[in-house]
Amino acid sequence: MPVLPAPLAPSSGPSDLADAEHPVNALLQRIATEYPSLSKQLKLIAQHVEQHSDHLGLEKIQDVAARCGVQPSAVVRFAKHFGFSGYSELQKVFRDGIAAQIAPTRNYQARIREVIAQGQGRLSSADIAYEFIAGAIAGMNELQRDLHASTLGEAVELLAQAPAIWVVGARRSFPVATYLAYALQHTDKPVQLITGMGAMHEGQLRSLRRDDVMIAISFAPYAQETMQAAEAAAAQGARLIAITDSRMGPLAALAPTTLLVTESSTFGFRGLTNVMALAQSLFIALAYRLELDYHPSAGA
């Protein structure tokens, strides 16, 4: 196991302030908790609220209704369901401090559309590279701002206590799963990467046991292979850590612990910068946690 530096002094940085006590985060968490019991129309609104929470404070009720494909009265019902007098009171939660909440990637996406329009097909290779790098930087700033310290701590503790660790991620998420499986092998824990090679997902899962921990990585529209593995693991009594893009997605519904991460989109391509940074952070935090429990005998 890698030797890690001595503990840092306690921090009250942005990640600590972004936890459930923040009004927006608290509301989004409540919406996610009640999401399964909502009507079809209210679920559409819930998804919109989560995905556009960074600028909901600027949207008119008619805009929200149109984007969700519902009537404005449904938006009012949604607000009242969660204890607000109407849309304006719900919106105020998102409007307060909105200058600090506007996501860098949203500003970036507006800018990249302008670059494409102005470039008229004359962008050089270096121009494209600069735009991808700028998008990655904006996304990393957003990840740092929105990271929930307590949820990351829960994930680390689950992994620290796990008899064995399983990792699954397909298609675009496969490189992240592969990295995590590689990194986690530097601990003393048994680690298994579910590759599904030869369509043998079920066979690879046969040795999974109750209380093992599975890290499942998937983003909308959610890889079927990952969902099947996660469902099988949950049915066998394993504990799930989801790395995904929505509290209301099907993967988060299976996992008691969900690490949320979104990627910026540049020229229509979503990156892996944020999720790889989160995966590396998860491993290093686990290694640090395990090192603190390591007490070699005297003279060893």
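Structure: see above.
Presented here is an overview of the structure given in this document. Quick caveat, the model's predicted, so the values are computed rather than measured. (Residues numbered from 1 in each chain as written. Predicted model: local features only at pLDDT ≥ 70, side-chain atom pairs only at ≥ 80, totals over all residues. Heavy atoms only, no water.)

1. With respect to the pattern of salt bridges
Side-chain pairs of opposite charge can arise whenever the charged atoms involved come near each other. Under the definition given, this model contains 5 salt bridges. Measuring nitrogen to oxygen at the nearest pair gives 3.8 Å for the salt bridge that ties R247 to E50. One end of the pair, R247, is in the loop between β4 (239-244) and α14 (250-254); the other, E50, is in helix α3 (residues 40-51), with 197 residues separating them in the sequence. Side by side, R247 and E50 carry an identical accessibility label, which is buried. Taking the shortest distance from any N to any O, the salt bridge between E157 and R289 comes out at 2.9 Å. With E157 in helix α10 (residues 149-161) and R289 in helix α15 (residues 273-292), this residue pair connects regions lying 132 residues apart in the sequence. Overall, the relative accessible area of 18% leaves R289 in the buried class. (Salt bridge = Lys/Arg side-chain N within 4 Å of Asp/Glu carboxyl O. Helix = DSSP H or I, 4+ residues; strand = E, 2+ residues; numbered from the N terminus. Buried < 20%, exposed > 50% of the residue type's maximum accessible area, 1.4 Å probe, protein only.)

2. Regarding the sheet that holds strand β2 (residues 191-194)
Read across the open sheet, the 5 strands follow the order β2-β1-β3-β4-β5; overall the sheet is parallel. The open sheet terminates on both sides in strands that have one partner only, identified here as β2 and β5 (257-260). If you compare each strand with its neighbour and ignore which way they point, the axes differ by 15° on average. Of the pairings in the sheet, the one linking strand β1 (residues 165-169) to β2 comprises 4 bridges and is parallel in character. Each bridged residue has a counterpart across the sheet, and for V167 the counterpart in β2 is L193. Sheet contacts for helix α11 (residues 174-184): β1, β2, β3 (213-217) and β4; angle to β1, the most-contacted strand, approximately 160°. (Pairing = 2+ DSSP bridges. Axes fitted to C-alpha atoms, helices over the stretch in contact; angles between N-to-C directions. Contact = heavy atoms within 4.5 Å.)

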